[in-house]
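# Observations on the model geometry
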Amino acid sequence: MYGNDVIDPNEPLNAAETPDYDAAAEHDDQRDGRDAVGDDFDALLAADQRIEPRDAMPDDYRETLIRQIAQHAHSEIIGMQPEGNWITRAPSLRRKAILIAKVQDEAGHGLYLYSAAETLGIDRQELLDRLHNGKQKYSSIFNYPTLTWADCGAIGWLVDGAAIMNQVPLCRCSYGPYARAMIRVCKEESFHQRQGFEILWNLMRGTESQQAMAQDAADRWWWPALAMFGPPDTGEAAKGGHTEQSMAWGIKRFSNDDLRQKFVDMTVPQAEKLGLTLPDPDLRWNEERGHWDFGEIDWDEFWQVLRGDGPCNAERIEHRRRAHDEGAWVREAANAYAAKQATREREQQQKESAA
Ligand SMILES: [Fe+2]
Ligand SMILES: [Fe+2]
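From a predicted model like this one, the values you see are computed outputs, not experimental measurements.

## So, the coordination of the iron ion (ligand 2)
- For the iron ion (ligand 2), every protein donor is listed as Glu106 (OE), Asp160 (OD), Glu189 (OE) and His192 (ND1), and the spread of their distances is 1.9 to 2.2 Å.
- Taken together, the four donor atoms coordinating the iron ion (ligand 2) span angles of 88 to 152° at the metal, a pattern that classifies the geometry as irregular.
- Read in sequence order, the donor residues coordinating the iron ion (ligand 2) give the pattern E-x53-D-x28-E-x2-H.

## Re the coordination of the iron ion (ligand 1)
- Donor atoms from the polypeptide that coordinate the iron ion (ligand 1) comprise Glu76 (OE), Glu106 (OE), His109 (ND1) and Glu189 (OE), at 1.9 to 2.1 Å from the metal.
- With four donor atoms in place around the iron ion (ligand 1) and angles of 89 to 141° between them, the coordination shape is irregular.
- Sequence spacing of the donor residues for the iron ion (ligand 1), all on one chain, is E-x29-E-x2-H-x79-E.

## Section: the pattern of salt bridges
- Here the structure, examined in full by the defined rule, presents 20 salt bridges.
- With its nearest N and O atoms 3.7 Å apart, the salt bridge here joins Lys102 to Glu106. With a gap of four residues between them, Lys102 and Glu106 both fall in helix 6 (residues 93-118), about one helical turn apart. In this structure, Lys102 and Glu106 share a single accessibility class: buried.
- When salt bridges that share partners are traced, they join Glu83, Lys102, Glu106 and Asp160 into one network.

## Quick look at the packing of helix 4 (residues 59-78) against helix 9 (residues 176-204)
- In contact at an axis separation of 13 Å, helix 4 and helix 9 are set at 25° when each is read in the N-to-C sense. Viewed along their axes, helix 4 and helix 9 adopt a mutual orientation that is roughly parallel. In this structure, helix 4 crosses over helix 9, and the sense of that crossing is left-handed. The segment helix 4 lies against helix 9, with Leu65, Gln68, Ile69, His72 and Glu76 engaging Tyr178, Met182, Val185 and Glu189.

## Remarks on empty space enclosed by the protein
- Taken as a whole and assessed by the stated rule, the structure comprises one cavity of 30 Å³ or more.
- In this structure, the largest cavity occupies an estimated 30 Å³ of space.
- Taken together, Leu13, Asn14, Trp157, Gly161, Gln193, Phe263, Met266, Thr267 and Gln270 form the lining of the largest cavity.
- Broken down by secondary-structure element, the contributors of at least two residues to the lining of the largest cavity are helix 8 (150-167) and helix 12 (256-274).
- Taken together, the residues that form the lining of the largest cavity break down as four nonpolar, five polar and no charged.

## Regarding helix 13 (residues 299-309)
- Among the residues making up helix 13, those that are buried are Trp299, Phe302 and Val305. Angularly, the buried residues of helix 13 cover 125° about the axis, an arc narrow enough to put them on a single face. Helix 13 presents Asp300, Arg307 and Asp309 as exposed residues on the side facing more than 90 degrees away from its buried surface.
- For helix 13, the secondary structure elements touched by its buried residues are helix 10 (208-227), helix 12 and helix 14 (313-326).
- A side-chain oxygen of the first residue of helix 13 lies 3.1 Å from the backbone nitrogen of Asp300; this N-cap is Asp298.

Rules and cut-offs
As a convention, each chain's residues are numbered from 1 in the sequence order in which they are written. Key to labels: chains lettered from A, ligands numbered from 1, both in the order written. Totals for whole chains, interfaces and linings use all residues, but because this is a predicted model, local features are given only for residues with pLDDT of at least 70 and pairs of side-chain atoms are given and counted only at 80 or more. The side-chain quantities take in all heavy atoms of the structure and omit both hydrogens and water. Only nitrogen, oxygen and sulfur atoms qualify as donors, provided they sit within 2.8 Å of the metal or within 3.2 Å for Na, K and Ca; with water excluded from the atoms, sites may seem incomplete. A four-donor site is called tetrahedral if each angle lies between 85 and 135 degrees; a four-donor site is square planar, and a six-donor site octahedral, when trans pairs exceed 155 degrees and the remaining angles lie between 65 and 115; all other cases are labelled irregular. A side-chain nitrogen of Lys or Arg and a carboxyl oxygen of Asp or Glu constitute a salt bridge if their distance falls within 4 Å. Put simply, DSSP H or I for four residues or longer makes a helix, DSSP E for two residues or longer makes a strand, and each gets a number counted from the N terminus. Burial here depends on accessible area, computed with a 1.4 Å probe over protein chains only, as a share of the maximum for the residue type. Under 20% is buried, over 50% is exposed, and the range in between is partly exposed. The axes are straight lines fitted to the C-alpha atoms, using for helices just the contacting stretch, and the angles between their N-to-C directions are given from 0 to 180°. Geometric relationships in this document are graded by angle, where less than 35 degrees denotes roughly parallel, more than 145 denotes roughly antiparallel, 65 to 115 denotes roughly perpendicular, and other angles denote oblique. Definitions for this section: a left-handed crossing has its near helix turned counterclockwise from the far helix by less than a right angle. A right-handed crossing has that turn clockwise. Whether two residues touch is decided by their heavy atoms; if any such pair falls within 4.5 Å, the residues are in contact. Here a cavity is any set of points on a 1 Å grid over the protein atoms alone where a 1.4 Å probe fits but cannot get out, and a pocket is any open set with protein on both sides within 12 Å along at least 5 of 7 lines; a residue lines the site when it has an atom within 4 Å of a point. Grid points are joined across faces, edges and corners, and a volume is the space filled by probe spheres set on the points. Note on residue classes: Ala, Val, Leu, Ile, Met, Phe, Trp, Tyr, Cys and Pro are nonpolar, Asp, Glu, Lys and Arg are charged, and everything else, Gly too, is polar. The arc in question is traced by the directions running from the helix axis to the C-beta atoms. Here a polar contact means two N or O atoms within 3.5 Å. Within protein one must be a hydrogen donor candidate and the other an acceptor candidate, and residues neighboring in sequence count only if both atoms are side-chain atoms.

See below:
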């Protein structure tokens, strides 16, 4: 299935297929050390145990998690737009079915994550309001347009691939509900990454114009995908970042630059396999470091898109707001149904206790 027919299924194609993921998933400890360390926040962190919603936690920790999980949830649902755009135009029934499944997965990821955020005591409606009025962000990558079918391939391969690299360590995040959501999310993202790789694989074995389309998509998505890991951890750009505190709290496990390097090291050989040229003249294997060297990311562009001046920022939020408004009747109907069910259950219970 999904791409295993074109490449050795035993060869890891993304971070969710590496031993790192298996180790992180195994860490699902469910507080096995609870008796030993008690409920104290610092003691739990020191013992590498998960913090659960019932535990006392510092306000800053709670706020940081709400911000991070909300941003992640917003990215999942806004991330449905660039590809959702292609469902009606996907080149075959098989491609449509796969793409619908992928976009639907992203909606599901948004739901797990909003639920995880709610365990921290914030309401989902409040989070959506913050998204719609621009107070909270989503990943800037989704402010780039999907111009051709090959973009769906590049997004799966590079954008989902980079997301997985970021999210595998989050399976070991100190906050239990977030960590557990990530274990499942990463498995699904792995399917997304393979389907993207397979789209490009087939285009690269097609006509000259299909190959050119795949190359063009890789040219446009490579640098924004590298920027997804966020600004560097050192120097001027690192100021005002959250890396240090997040690492101390066990929310983050690796620095932005470390994750970016891991992603480059994993992806460059895949580009070679596909027959694509990555748009970086400085890309070369560094024998001494045992890593790929790569060129300078355009951080001015990154900040510009983050501030709202990307090619699709306004369009994405406008579309999102409209979808929310048009879905009001669905939420109302669901609430009315839930209320009716609750009343029926209550009546049933009263009948039973009276009998
Ligand atoms: Fe996702
Ligand atoms: Fe995905």
